[in-house]
Amino acid sequence: MDRSALKPLVVLGATGSIGTQTLEVASRLDVAVVGLAARRGSPAFLDLADQHPDAAVVVAAPAGDERARFESKLGNRVRFGPDSLVELAASPGATVVNGVVGAAGLEASVAALQAGNRLALANKESLVAGGPVLEAARTAGGGELLPVDSEHSALLQCLTGEDIEAVGRLILTASGGPFRERSAASLADVTVAEALAHPTWDMGPRISIDSATLMNKAFEVIEAHFLFGLPYDQIDVVVHPQSIVHSLVEFVDGSLKAHLGEPDMRVPIQFALTFPDRHPGPLQPFSLADHTLTFQEPDRQAFPLLDLGYEAGRRGGSAPAVLNAADEIAVQAFLDGRIGFGAIPRVVEGALEAVALRELHTVADVMEVDAEARSVASELAGTC
Ligand code: NAD
Ligand code: MG
């Protein structure tokens, strides 16, 4: 593959799990990094800025003396605030990796697509909260939307060369998280440390908790719906504790195609950068004989957020945005020790009931629903 064909990279959420792995992939592929953004002006972010002297730098929400420190070290290479994040995403001719966490990533996703850029999307909350808005931005700007999420990268790879009409089902695999074998009753008082200890993936705190509740899998069902345009009846979930099969497609003739590999986010990140080409990756050859693969149905009683996610997806409009915002509040309340693990689904369900359904046309529409859902969820979290 011709490396010079790869577009320069903008990495949003550069200090996070996805961001740092993206920078590692970029360095191996020898792709230019022209933009870096993170929420805070931490020493780790300053180090990254030093390692990439040609990159424009954005600190979205500087605190304390971070602004002064970054300005004195980086001069006019650094900008501040959420508007600068959005401008960076619209850098002409770039591939934008969105590794921001939460709905805060939505406007940057929209800007990247509207500018005609390739958007390598890890920030699934963008699609969950603002699916119709992102779709409109892609059509208007001619940008390209490629998934970084491992399941959706797997689905894209299984679907490439196939007619979408010939698809029977998309089957997303779920590791089941750290509480796979637990009953609903035993989940009420698990600790934050237990919930953060994901068995197969090393990720940021929000997605780790979302994996423990299966909210993450529900988000991924909605993500798959928007990415591949299939109805919810044709999107299934199966628990696969080893995380070796990353997802499958079942076709109308009864054939199944699966995507397999070690659980390592550098592989789907790289594929989103090099698509449709492939380039040598970081992993050793895979040994099938070293693995036993098992599959089971998800426990929908113990993990009610999975079905609630389907319900929100089918309702459409603002419902998935409410789901995401309420979950963001509930997860933070759990991480802060303000609510128990068992209260997370109650907060999300309560918010979904309380916020009136409406259509979403613009980022402002999404952010309005997001704010309302956060306020309702905060109130509910206070009474749990
Ligand atoms: P993380 O918590 O490790 O990192 C989040 C990054 O986003 C940090 O760099 C932080 O500074 C930045 N950020 C947060 N709020 C911001 C804001 N308002 N403006 C600008 N930057 C902001 O999270 P992560 O695990 O890397 O996850 C990032 C996204 O990727 C999430 O949407 C997650 O669901 C998705 N994802 C992650 C993984 C994984 O393996 N970590 C896998 C699939 C999908
Ligand atoms: Mg995933």
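Refer to the preceding data block for the structure.
Overview of the coordination of the magnesium ion (ligand 2)
Move 1: Within the protein, the atoms that donate to the magnesium ion (ligand 2) are Asp149 (OD), Glu151 (OE) and Glu220 (OE), at distances of 2.1 to 2.3 Å.
Move 2: When the donor residues of the magnesium ion (ligand 2) are listed from N- to C-terminus, their spacing reads D-x1-E-x68-E. Of the two residues examined, Asp149 and Glu151, each falls in the buried class.

As for the site of ligand 1
Move 1: As a matter of local geometry, ligand 1 sits amid 24 residues, with Thr15, Ile18, Arg39, Glu125 and Gly204 nearest to it.
Move 2: Contact distances for ligand 1 include 2.9 Å between an oxygen atom and a backbone N or O atom of Ile18.
Move 3: Val100 is positioned with one of its backbone polar atoms (N or O) 3.4 Å from an oxygen atom of ligand 1.
Move 4: Summarising the interface, the protein chains cover 88% of the accessible area of ligand 1, which totals 830 Å² for the free molecule.
Move 5: Among the elements of the structure, helix H1 (17-29), helix H6 (124-141) and helix H9 (205-213) are those that each provide at least two residues to the shell around ligand 1.
Move 6: Across the shell around ligand 1, the residue classes tally to 13 nonpolar, seven polar and four charged.

Overview of the pattern of salt bridges
Move 1: One pass over the full model with this rule turns up 27 salt bridges.
Move 2: Across the pair Glu144 and Arg118 runs a salt bridge, and its minimum N-O distance is 3.0 Å. Of this pair, Glu144 sits in strand E7 (residues 144-147) while Arg118 sits in strand E6 (residues 118-121), and the two are 26 residues apart along the sequence.
Move 3: Taking relative accessible area as the criterion, Glu144 reaches 31% and is therefore assigned partly exposed.
Move 4: Using a relative accessible area of 8% as the deciding quantity, one classes Arg118 as buried.
Move 5: Residue Arg169 pairs with Glu250 through a salt bridge whose shortest N-O separation is 2.9 Å. Highlighted residues: Arg169 in strand E8 (residues 167-174) and Glu250 in strand E10 (residues 245-251), separated in sequence by 81 residues.

Comments concerning the environment of Gly93
Move 1: As for its placement among the helices and strands, Gly93 is situated in the loop between helix H4 (82-89) and strand E5 (95-98).
Move 2: Gly93 sits in the partly exposed class, given a relative accessible area of 42%.
Move 3: Separated by 149 residues in the primary sequence, Gly93 and Gln242 place their C-alpha atoms 38 Å from one another.
Move 4: In contact with Gly93, other than residues within four places in its own chain, are Lys7, Pro8 and Asn117.

A look at helix H15 (residues 363-383)
Move 1: The end-to-end C-alpha distance of H15 is 30 Å, a good match for the 30 Å that 21 residues give at a rise of 1.5 Å each.
Move 2: Within H15, the full set of buried residues consists of Val363, Val366, Val369, Asp370, Ala373, Ala377 and Ala381. Each buried residue of H15 sits inside an arc of 120° when the element is viewed along its axis, so together they form one side. With respect to the buried face of H15, the exposed residues turned more than 90 degrees away are Ala364, Glu368, Glu379, Gly382 and Thr383.
Move 3: Against the buried residues of H15 lie helix H5 (106-114), H6, helix H13 (319-335) and helix H14 (343-354).

With respect to the sheet that holds strand E2 (residues 33-38)
Move 1: One open sheet accounts for seven strands, arranged E4-E3-E2-E1-E5-E6-E7; its pairing is parallel. Taken across any chain shown, the strands that pair with only one partner, and hence form the sheet edges, are strand E4 (78-80) and E7. When the angles between neighbouring strand axes are averaged without regard to direction, this sheet yields 15°.
Move 2: Across four bridges, the pairing between E6 and E7 is parallel. Note on E7: the bridge partner recorded for Leu121 is Pro147.
Move 3: Here H5 sits on the sheet in contact with strand E1 (9-12), E5, E6 and E7, set at roughly 150° to E6.

So, helix H11 (residues 266-274)
Move 1: Where burial is concerned, most of H11 is hidden: eight out of the nine residues are buried.
Move 2: Buried within H11 are the following residues: Arg266, Pro268, Ile269, Gln270, Phe271, Ala272, Leu273 and Thr274.
Move 3: As for H11, its buried residues are in contact with E1, H1, E5, E6, E7 and helix H7 (150-159).

Analysis parameters
Residues numbered from 1 in each chain as written. Chains lettered and ligands numbered in written order. Predicted model: local features only at pLDDT ≥ 70, side-chain atom pairs only at ≥ 80, totals over all residues. Heavy atoms only, no water. Donors = N, O, S within 2.8 Å, 3.2 Å for Na, K, Ca; no water. Buried < 20%, exposed > 50% of the residue type's maximum accessible area, 1.4 Å probe, protein only. Near = heavy atom within 4 Å. Polar contact = N/O pair within 3.5 Å; in protein donor to acceptor, adjacent residues only side chain to side chain. Areas by Shrake-Rupley, 256 points an atom, 1.4 Å probe, with all protein chains shown as cover. Helix = DSSP H or I, 4+ residues; strand = E, 2+ residues; numbered from the N terminus. Nonpolar A, V, L, I, M, F, W, Y, C, P; charged D, E, K, R; others polar. Salt bridge = Lys/Arg side-chain N within 4 Å of Asp/Glu carboxyl O. Contact = heavy atoms within 4.5 Å. Expected span 1.5 Å × (residues − 1). Arc of directions from axis to C-beta. Pairing = 2+ DSSP bridges. Axes fitted to C-alpha atoms, helices over the stretch in contact; angles between N-to-C directions.

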